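Coordinates in review
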Amino acid sequence: MRYTKSRAILCLVALVIVTQLLTRITGTSYYLTQLTMSAYYALVVIGLTVLMGYAGQISIGHAGFFAIGGYLSAALTTHNLIPLAGSPLVQFLGRLGVLVRGQDIYGEQLLTVTPWAACLAAILVAALIAFLLGIPVLKLKGHYLAMATLGFGTIIYRIALASDYFGEADGISEVPGFTLLPGVAGLPPLVVNGDFDSRVQNYYIAWGVLIIGMVLLLNLIDSRVGRALRSIHGSEEAAEAAGVDTARCKLQVFVLSAVYAALAGVLLTHYNGGLGPSEASVMKSVRYVALVAVGGMANLWGALVMGAGLTFLSLRGVFGSFDDAVFGAILILVMLFAPDGILSLRLNGLRTCLKRESTDR
Amino acid sequence: MTADLFFQYLFAGITYGIMYAIVAIGFNIIYNTTGIINFAQGEFVMLGGMIAISLLHFVPLPLAVAGGVVITMLVGALIEILFIRWLDNPSVLRMIIITIGLSILIREAALHIWGESIRSLPYFYGNEITTITLGPVRISPQVLWVLGVCGIVVLLLSVFFKVTPLGREMRACAANRRAAILCGINARNMVTFSFMLSAGIGALAGCVMSPITYTQYDSGTPLAIKGFTVAILGGLGNSMGAVAAGILLGIIEAYSISFVPLAFQDAISITILLIILFVRPHGLFGSGEAARLKEF
Amino acid sequence: MLELERIHKYFGGLHAVNDVSFRVETGSIKAVIGPNGAGKTTLFNLIAGNLAPSSGVIRFVGREIQGMKPHRIAALGMARTFQNIKLFHGMTALESVMVGRHVRSRAGFLAGMLHLPSTWREERQIRDRAMELLELLEIAEFAHVEATSLAFGQQRCVEMARALAMEPRLLLLDEPAAGLNIYETAEVARLITRIRDMGITVLLVEHDMSLVMDISDEIVVLSFGEKIAEDVPRAIQQNPEVIRIYLGEDEEAA
Ligand SMILES: Nc1ncnc2c1ncn2[C@@H]1O[C@H](COP(=O)(O)OP(=O)(O)OP(=O)(O)O)[C@@H](O)[C@H]1O
Ligand SMILES: [Mg+2]
């Protein structure tokens, strides 16, 4: 089973490389920007797929987690702490080595949190919020769960829109690049930013992160915990009777999917150099749900392909002013005619074959 | 807080609360006959207002309102016939996603038809500055319109469900669909009808509140969340509960202005929603036993 | 093994289980019988933790388990099947049975994501054990077919295999022969005795009297939530009250 999985991953890696080479040859490397962004959005979608498709728990609030990641990371790395330099907290942070000095575009002194520390903080906060929210919310089912997560997403949106700290309607801009690895031994540093020169590098960073995230999730769903998750979707009662701690499992996967969304938010924000409240809007959350649905609900590969593909088209502006409408229509059409995803319509036969192969040793 | 201000807030709270209650009743009607929460309920409210505003260019106000209601009812029926009627025992998740998709499509259609501008119907009587003095408070006559129309709607609905054959058949469907079908009731038509009814009620609410709250292509979703909060608070499916819960939420919101910045106002009702969902998902007034009898 | 002490369960005004006490001895097969609606399934739900009793004590392997969550009771060594089969939609028969190994394996969330060598080995053991059970129940050829698309009898077998995969001390079977023909029923009877011989205590609900009389060591009779008799099969067959209940039913049926 490792066999088919690694083969598919290798194909994906090859495809990613070929795509980059093609854009180079055809002189269309401006596509790379949207391809990079699509990879980050697809990261949210595959995380949500495990929650929705495999564990069967709907969330219409994942843009909220994306925004928590993006906004916290952006705010921490841009807000100047110099006015607060005397406070014990800031001094403590300074001693921990998580602060950096710099200059803004007007040459003024800046003291901010380093991107690494900000990223970790953002993801931890997102995980913590998911954990605290998940304990009560995941007891709910059906409409109640949908509305509760929708409500959570709306609260995050309102907070982003109304607080000065997060830039209100303008959002946060001038977010610095995120140096993942410093340059060593003559190699250039690995930085997530929107610089023209590092476009290729960023394309590979984004797809690298996505592929690693994909491998981890593929492993997960074939593991003991993954089977437990899928059994919850099948019958919560029977899963409990088989000894699965359903509440704990659901909570774990909720936190996991929130972490995926938050990580995507952090990286995309550094890549774009900022973000605005629309990233937290309900429509974004619905869009992620649509992408999970069109990918086939319980189908990570479908989610990755559709998540990256449709987002790319959307970012290229293919749908024009019908962008949101396209995603609404996708939701309806998929749910009406192919609730198991459009890939399932044709690949049903193939999938059973693959499944047979993948459960054989 | 002065006594004047106190009453002013109270009236504002009741007015908004009644509007939320009407949206909640729209949820309830469809929920009772189908077990579906229609996430596009807020869009019916928006559509009603928008259509009436457009019709106003051609016909006088009462006709425009009537037109808005009727056209929205047709939209509701159309939606049910096109997207819901022929589904064979769909899962709850599927229905949630379909109605969310519908709400997006309606909203986007509204955006393309009416643009992003904020519109409103004129005041039904007088204008923005006309006031009526009622004891300690001065209120806009539109508030009385809202209270009156919504009160009549609630009254007519309860008469409809209790007395008329059609209303009884709908209740039979709600109580036990299979048994109702065996008694020769056409359950599918009942569902279509419930969509029409709740679209119509939503549209009417959208018209009477338009002068106060204004109407925009995307004003549906926030209303839907509040309406849902009220529906849950009052006990899903319970219309009288919805009225009480609506007024309660409206008043809480009105007074919260004194403590919380306006921008965070929506957050209050959502927080209430979350708390209620966690501690009393069967509502303030319903009983747990009764709620469990319905399948969610 | 299992001990019920003065169990009551109310559903609103309905007294579904009324002051029921009995013990299940280690290594025995005990049957619960009674007319439809007598409260047998409710009793199982109380024992397995799906419902909490209104009052009373349930002891399992020396611990009080009333009100405990089902998965904790399962971890103590209790497995069950359901009257209306509950299989996992979207999972193959083999995977369903592998879920049964959940309590007997330990790989956690991170280990699963990273696919460590230790998880590897465990996975193989889980798979082998699940396969063995499918072979035992003679449904190995359907291992890779989606469990919910199997024939009714085979679904029963998958459920049974899933329960056995837990290596339980006590197995609760809710009407294991319902909907089966006489040959399949005989097969089930043989299987249940075999399970007992493997050292698993069995408590079952069953309407098929010949099956119950053949294999059980002791029988509890419930009617309207009350225990009206508890004895060995032969004595139950002669118990006038039991005969009255069942004859009464026959008259109604006729
Ligand atoms: N969750 C519940 N809520 C309310 N009443 C219930 C519930 N579960 C069972 N009952 C009622 O309790 C009584 C006992 O039901 P139970 O399912 O235990 O009977 P049973 O002996 O298993 O019958 P059968 O032979 O038909 O399986 C019935 O009257 C049933 O309607
Ligand atoms: Mg039963």
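Look above for the structure.
Here is a short report on the structure shown in this document. Throughout, residues of each chain are indexed from 1 in the direction in which the sequence is written. For this description, chains carry letters from A and ligands carry numbers from 1, given in the order in which they are written. Local features in this predicted model are restricted to residues of pLDDT 70 or higher, and side-chain atom pairs are both shown and tallied only at a pLDDT of 80 or more, whereas totals for entire chains, interfaces and linings draw on every residue. Side-chain measures were taken over the full set of non-hydrogen atoms in the model, leaving aside hydrogen atoms and water.

**What to know about the interface of chain A and chain B**
Contacts are residue-level and defined by heavy atoms, with any inter-residue pair within 4.5 Å sufficient. Facing the 36 residues of chain A at the interface are 38 residues of chain B. Note on terms: buried area is the combined drop in 1.4 Å-probe accessible area of two parts once they are placed together, counting the loss on both. Carbon and sulfur atoms supply 84% of the area buried between chain A and chain B, which totals about 3400 Å² over both sides. A per-residue breakdown of the area chain A buries against chain B is headed by H143, Y144 and M147 of chain A, which together make up 24% of the total. In the sections that follow, a salt bridge refers to a side-chain nitrogen of Lys or Arg positioned within 4 Å of a carboxyl oxygen of Asp or Glu. Taken together, the links from chain A to chain B amount to zero salt bridges. The secondary structure listing takes helices from DSSP runs of H or I that are at least 4 residues long and strands from runs of E that are at least 2 residues long, numbered from the N terminus. Residue assignment for the side of chain A that touches chain B shows that the elements contributing at least two residues are α5 (115–137), α6 (142–162), α11 (282–295) and α13 (323–337) of chain A. In terms of residues, the side of chain A that touches chain B owes the most to one element, α6 of chain A, which gives 14 residues.

**A short note on a nonpolar patch on the surface**
All names here are of chain A. A surface patch of nonpolar side chains, about 510 Å² in accessible area, is lined by V13, I17, V18, L21, L22 and I25. Structurally, V13 can be placed in helix α1 (residues 2–25). Here the term buried applies to any residue with accessible area under 20% of the maximum for its type, exposed to any over 50%, and partly exposed to those in between, with areas from a 1.4 Å probe on protein chains only. Since its relative accessible area comes to 30%, V13 is described here as partly exposed. Two joining distances apply to patches: 9 Å for like charges and 5 Å for nonpolar side chains (Val, Leu, Ile, Met, Phe, Trp, Tyr), and every residue must have over 30% relative accessible area and no salt bridge. A 1.4 Å probe and the Shrake-Rupley method give the accessible areas. Residues count as covered only by the protein chains that appear here.

**Describing the coordination of the magnesium ion (ligand 2)**
All names here are of chain C. In this listing, donors mean N, O and S atoms no farther than 2.8 Å from the metal, or 3.2 Å for Na, K and Ca; water is missing from the atoms, so a site can look incomplete. For the magnesium ion (ligand 2), the full set of protein donor atoms is T41 (OG1) and Q83 (OE1), at a range of 1.8 to 2.1 Å. Of the two residues, T41 is situated in helix α1 (residues 40–48) and Q83 in the loop between β6 (78–80) and α3 (93–100); the sequence distance between them amounts to 42 residues. Assessed through its relative accessible area of 34%, Q83 is described here as partly exposed.

**Looking at the pairing of strand β2 (residues 14–24) of chain C**
Residues and elements named next belong to chain C. Two strands qualify as a pair provided that DSSP identifies no fewer than 2 bridges between them. The pairing of strand β1 (residues 2–11) with β2 spans seven bridges and is antiparallel. Residue pairing across strands places K9 opposite V17, the latter belonging to β2. Joining the antiparallel neighbours β1 and β2 is a turn of two residues, in which G12 adopts a positive phi near 60°.

**Overview of the site of ligand 1**
Residues and elements named next belong to chain C. By convention in these notes, a residue is near a molecule or strand provided one of its non-hydrogen atoms lies within 4 Å of it. Around ligand 1, a shell composed of 13 residues is seen, among which G37, K40, T41, T42 and Q83 lie nearest. Residues adjacent in sequence count toward polar contacts only when both atoms are side-chain atoms; beyond that, a polar contact is any pair of N or O atoms within 3.5 Å, and within protein one must be able to donate a hydrogen and the other to accept it. A distance of 2.9 Å separates an oxygen atom of ligand 1 from a polar atom in the side chain of N36. Contact between ligand 1 and Q83: an oxygen atom at 2.8 Å from a side-chain N or O atom of the residue. Taking 640 Å² as the accessible area of ligand 1 by itself, protein coverage stands at 61%. Among the elements that take part in the shell around ligand 1, α1 stands out by supplying three residues, more than any other. Looking at the shell around ligand 1 residue by residue, the classes come out as four nonpolar, seven polar and two charged. Residue polarity follows a fixed list, in which Ala, Val, Leu, Ile, Met, Phe, Trp, Tyr, Cys and Pro are nonpolar, Asp, Glu, Lys and Arg are charged, and the others, Gly among them, are polar.

By themselves these figures say nothing about function.
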